[in-house]
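Now for the letters of each chain:
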Amino acid sequence: MSNYRFKIQLAAVYMVLLLGGCGRDFDNKYTFSDEKLITTANDDLFADGFAAKLCVAESDEDRNTSDVNAASFGLFDVDNSEVLAQHNIYEKVYPASTTKILTCLIALERGNLDDIVTVPKASDITVAGSSMADLKPGDQLTLRELLYGLMVPSGNDAAEAIAYYIAGDSDKFAELMNEKAAELGATHSHFANPHGLPNDDHYTTVYDMYLIFNEAIKNDEFVKIACTPEYSCTVRNEKDTEQPERTVSWTNGNAFLSGKFQFADNMQLLCGKTGHTSAAGFCLVLGETAGDGHRYISIIMNSPIYEQLYTSMRNLASKSQQ
């Protein structure tokens, strides 16, 4: 077995050992310094399984970092299971609205897309600068429509409604988020809410976000929703006597989808999710394909300036063709 393959498989076992809880010790990174944990000459113990097709970095050292301005970022070759570029991919970051990738994934796995969901009072979020889908308590729409409200305009109100529909409240939904993250090996993350509004106890890493997004894009419905530039639907609210029925229209905040910024040459955008708070900076998680269909995931967390986020992401995605 090659040394590289051994390390990938060793990382699989290491992450499995961590699945019992949501780790918060960021000094204990995904490195290979703990190879002493398992020593065996039997390759059968490292059979293709949990992490056989996951990208695993051979170290946490910077790699291929020129022309990308962000606190943390990574470029992952999905088909060849390689990390092509990395900077601080195991360091704690605040995910902002990229949190909604996990929220959407859980809703798709646990919910019925045709169910009618009533927007709860908790969706009346008044945090300054909060991205909303213009929903009101008492509004009724399908879970499918709510997921578009979650991912297209990045509605925090939609996120709360989904959390209440799936789990009864946002705290219980956060428990499901942490369980799912642990199941995927994202053990250096902890989620406290379904939308990503600031919370000291709500964090992830670039590598963990890769693990979560890599799972999400296996779901065709997720990809369809997350790549939608614009979406409109009709919501009903019997308690609103003045306007019991209205149309809401949403535009995706991903400036690559809107055409405001040009994506990397010879690359096709699959789908993605933006995020921003003052603590998280500007964030973007993307899936893309090359002309030959080869798949990549590129992630930038905490870019300091909006325009630099898209310039840096274009440069990062372009590294897949170098």
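Residues numbered from 1 in each chain as written. Predicted model: local features only at pLDDT ≥ 70, side-chain atom pairs only at ≥ 80, totals over all residues. Heavy atoms only, no water.

**Q** Before we move on, could you go through the nonpolar core and cite the residues and values that matter?
**A** Membership of the largest hydrophobic core comes to 69 residues, with the highest contact counts inside it found for Phe76, Leu135, Leu147, Tyr210, Phe222, Trp250 and Ile299. When residues of this core are assigned to their parent elements, the largest contribution, eight residues, is made by helix α6 (residues 206–216). Residues within four places of Leu135 in sequence aside, it is in contact with Val119, Leu141, Leu146, Asp157, Ala158, Val235, Arg246 and Trp250. If you look at the next biggest cluster of nonpolar residues, it comprises 24 residues, including Leu84, Phe256, Leu269 and Phe282. (Core = buried A, V, L, I, M, F, W, Y, C linked by side-chain atoms within 4.5 Å. Buried < 20%, exposed > 50% of the residue type's maximum accessible area, 1.4 Å probe, protein only. Helix = DSSP H or I, 4+ residues; strand = E, 2+ residues; numbered from the N terminus. Contact = heavy atoms within 4.5 Å.)

**Q** Any chance you could break down the packing of aromatic side chains for me, citing the residues and the numbers?
**A** A complete count under the given rule lists 13 aromatic pairs for this structure. Arranged with centres 6.1 Å apart and planes meeting at 75 degrees, the rings of Phe213 and Phe222 form a pair that is edge-to-face. By relative accessible area, Phe213 is classed as buried at 0%. An aromatic cluster of three or more residues is present, and its members are Phe256, Phe261, Phe263, Phe282, Tyr306 and Tyr310. One cation-aromatic arrangement involves Lys92 over Tyr203; the distance from NZ or CZ to the ring centre is 4.7 Å. (Phe/Tyr/Trp six-rings, centres within 6.5 Å; stacked < 30°, edge-to-face > 60°. Lys NZ or Arg CZ within 6 Å of the ring centre and 35° of its normal.)

**Q** I'd love a proper account of the pattern of salt bridges, names of residues and values included.
**A** As enumerated under the stated definition, the model contains nine salt bridges in all. Between Arg144 and Asp114 there is a salt bridge; the shortest N-O distance is 2.8 Å. Taken together, the residues span a long stretch of sequence, with Arg144 in helix α3 (residues 143–151) and Asp114 in the loop between α2 (100–110) and β3 (116–118) at a distance of 30 residues. The partly exposed category is assigned to Arg144, whose relative accessible area is 27%. One salt bridge in this structure joins Arg236 and Glu245, with 3.3 Å as the shortest N-O distance. What makes Arg236 partly exposed here is its relative accessible area of 44%. (Salt bridge = Lys/Arg side-chain N within 4 Å of Asp/Glu carboxyl O.)

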